[in-house]
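Here are the chains, one letter per residue:
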Amino acid sequence: MSAQDVVVTGLGATTPLGPDVDSLWQGLLAGRSGVRRIDELVSSYAHAEALPSLIAAPMAASPDQALPRVQARRMDRCQQAALVAAQQAWTDAGAPEVDPVRLAAVIGTGIGGVNTLLDQDDLIEEKGPQRVSPLTVPMLMPNGPAAWVSLEYGARAGVYTPVSACASGAEALALGARLIRAGEADVVIAGGAEAAITPLTIAGFAQARTLSKRNDEPERASRPFDVDRDGFVLGEGAGVMILERADFAAARGARVLGRLAGYGVTSDAHHITGPDPTGAGQIRAILRAVEDAGLRPADVPHVNCHATSTVVGDVGEAAAIRQALGDDVVLTAPKSSIGHLVGAAGAVEGIVTLLSVANGVIPPTLNLDRKDPEVALEIVSGEPRKQQLVAALSNSFGFGGQNVSLLFTAA
C-alpha cells in the first residue's frame, strides 16, 4: 500500500433497513425488504388515489430524531440524513484529528431539498410570501447536505456537491478519492443523501414509466434481473464514508476497513434519461476503475450492480459487465431490498460492496424468481454467498448519461 492510497476508515448510513450500517448489512444478509405502502405519506395530496405507484422505501428511522430539535428544524430531511450518516462515519473512524484545512466534505444528491421546496410553495399559495421561512433557500439548495457536514466538522479544504442524478453518491466518493490523490486533503467525508418521496417525484417517475406499480405486493415490487420486473421503487436515505490518505491513517493508528482503489467516471452523451444501448459508457467506466486500481478484469469476481429493476436498464448493465469483465463475475442487486435511493444509492451501495470484500459475503438479490434469459451472468439470490473477495466493483448510472464505477479492495 502506497502513501497516496485511499483507505476507508469509517462508515455511516441511515436506510430503509435501519438507522445505521449494521442494520443495513444484517438486513441485506437476512433478505429483508424496506419497501412498503406509503398511503400515509401522500394522504394529504388531493389526488393521492390517482398516483399509479403507492409504494416506496422510506428510511426506517426518521433522521430528525437523532439530531437536536432546533438544528433539525433548520434542515431539510435530506440534509438531516446526510448529517446523521456523517456523524456515524466520523465516530466509526475514531474522530480523526486532522487540520481543518486538510479536511474536505463531498456529499452528493440527485434532487436535494424537494420537501422544503414543495412545503414552502404550498405555504406561499395559502398564506402569502410573508409566511415563507427565511431558511427556505439554505434548506432546499442541493449543496445543503455537504454544507451542514462541513459546518459540523469544520472542513475547510473544500465542500463539494456532485449532482449527477442516480450516480451522485458514487461520484462523491470518486471525487473524494481524487482530492486525496491530488494532495488537496488528508481526510474526506464523502457520500450521498436523498429524501424525495413526494407525490410530485412519484408522479414524475411514474409518468416516465420507470416506477413499479405492484401496490399490492410492496416487498416483491423491486425485482432486478427478473423477467417480470416493471420498474424501480423510490427509496431514501444516506451513506457516508471517511476516506483518508493511507499514510495519514497509518500514522494515527486508524483501523482500515478497505481501500477505494479505483474509480471510473464517464458519460454517454446519448439521451437525457436513457442509457446508450451499446453500453459503451458503462464499459469504459468499469474498465477505467479496474485499470485505475492496477488490476485486470479477471481480478474482479463480483459486481454490486446499479440494477434498478427497469426493463431496459438491467439487461444493458449485465451485458456491459459481461463485455468488460467476462463470464465468471457474480452479481448482486441491493435495490431489490432497499429500493432506489437516487443520489444516495451509489454511496450506500459502495458501503455494501466494501463490506462484502471485508467480510467475504455477498448479500442476495431479492425477488429473483425467473431470471431474464438475456442476463447471461450468475446472480446471488436466496441466501448470502460466502466468497473471498480480493476486489469488488460497485456501479452507479444516472439520468443524463452519468456512469460511475468504484473499485474496492481489501485492507
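Anyway, here's the lowdown on the structure attached to this text. Owing to the predicted nature of the structure, the values given are computational and were not obtained by experimental measurement. (Residues numbered from 1 in each chain as written. Predicted model: local features only at pLDDT ≥ 70, side-chain atom pairs only at ≥ 80, totals over all residues. Heavy atoms only, no water.)

1. Notes on the pairing of strand 4 (residues 103-108)
And then number 1: Summarising burial for strand 4: six of the six residues are buried, a large majority.
And then number 2: The sheet contact formed by strand 4 and strand 6 (residues 187-194) spans six bridges and is parallel. Pairing of Val106 across the sheet is with Ala190, part of strand 6.
And then number 3: Looking at chain direction, strand 4 and strand 5 (residues 159-160) are connected through two bridges and run parallel. Residue Ala105 lies in a different strand from strand 5, and its bridge partner there is Val159. (Buried < 20%, exposed > 50% of the residue type's maximum accessible area, 1.4 Å probe, protein only. Helix = DSSP H or I, 4+ residues; strand = E, 2+ residues; numbered from the N terminus. Pairing = 2+ DSSP bridges.)

2. A few points about the nonpolar core
And then number 1: With 42 residues, the main nonpolar core has Leu11, Leu24, Val188, Met241, Leu243 and Leu406 as its most contacted residues.
And then number 2: With residues up to four places along the chain from it excluded, the contact list for Met241 reads Val8, Gly10, Leu11, Leu173, Val188, Ile189, Ala190, Gly350, Ile351, Leu354 and Phe408.
And then number 3: Ala81, Ile107, Ala155 and Ala193 belong to the second largest nonpolar core, which has 30 residues in total. (Core = buried A, V, L, I, M, F, W, Y, C linked by side-chain atoms within 4.5 Å. Contact = heavy atoms within 4.5 Å.)

3. A word on the pairing of strand 1 (residues 6-14)
Looking along a regular strand, one sees side chains alternate from face to face of the sheet.
And then number 1: Counted residue by residue, strand 1 has nine buried out of nine residues, so it is predominantly covered.
And then number 2: Relative to strand 7 (residues 237-245), strand 1 runs antiparallel, the two being bridged by eight bridges. For Thr14, the partnering residue across the bridge sits in strand 7 and is Ala238.
And then number 3: As judged from the two bridges shared by strand 1 and strand 8 (residues 258-267), these two strands associate in the antiparallel manner. Its bridge partner lying in strand 8, Val7 is registered against Arg259.

4. Things to note about the environment of Gly326
And then number 1: Within the fold, Gly326 resides in the loop between helix 12 (311-325) and strand 10 (330-332).
And then number 2: When near neighbours in sequence (up to four residues on either side) are disregarded, Gly326 contacts Ile321 and Leu377.

5. Some points on the pattern of salt bridges
And then number 1: Scanning the model with the defined rule gives 23 salt bridges in all.
And then number 2: For Asp228, the salt bridge is made with Arg370, and the minimal N-O distance between the two is 3.0 Å. Highlighted residues: Asp228 in the loop between helix 9 (199-207) and strand 7 and Arg370 in the loop between strand 11 (361-362) and strand 12 (378-379), separated in sequence by 142 residues.
And then number 3: Classification of Asp228 as partly exposed rests on a relative accessible area of 34%.
And then number 4: A residue is classified by how much of its surface remains accessible, and Arg370, at 47% relative accessible area, is partly exposed.
And then number 5: Where Arg296 meets Asp299, a salt bridge forms, and the shortest distance between an N and an O atom there is 3.1 Å.
And then number 6: Relative accessible area serves as the criterion here: at 26%, Asp299 is assigned to the partly exposed category.
And then number 7: Through salt bridges with shared partners, one network takes in Arg214, Glu217, Arg220, Arg223, Asp226, Asp230 and Asp369. (Salt bridge = Lys/Arg side-chain N within 4 Å of Asp/Glu carboxyl O.)

6. Overview of the side chain of Ser222
And then number 1: You can see Ser222 is positioned in the loop between helix 9 and strand 7.
And then number 2: Ser222 sits in the buried class, given a relative accessible area of 1%.
And then number 3: A polar contact is formed between the side chain of Ser222 and the backbone oxygen of Lys335, at a distance of 2.7 Å.
And then number 4: With near-sequence residues (within four places) excluded, Ser222 lies in contact with Val233, Ser309, Lys335, Ser336, Leu366 and Asn367. (Polar contact = N/O pair within 3.5 Å; in protein donor to acceptor, adjacent residues only side chain to side chain.)

Coordinates in, geometry out; function isn't part of it.
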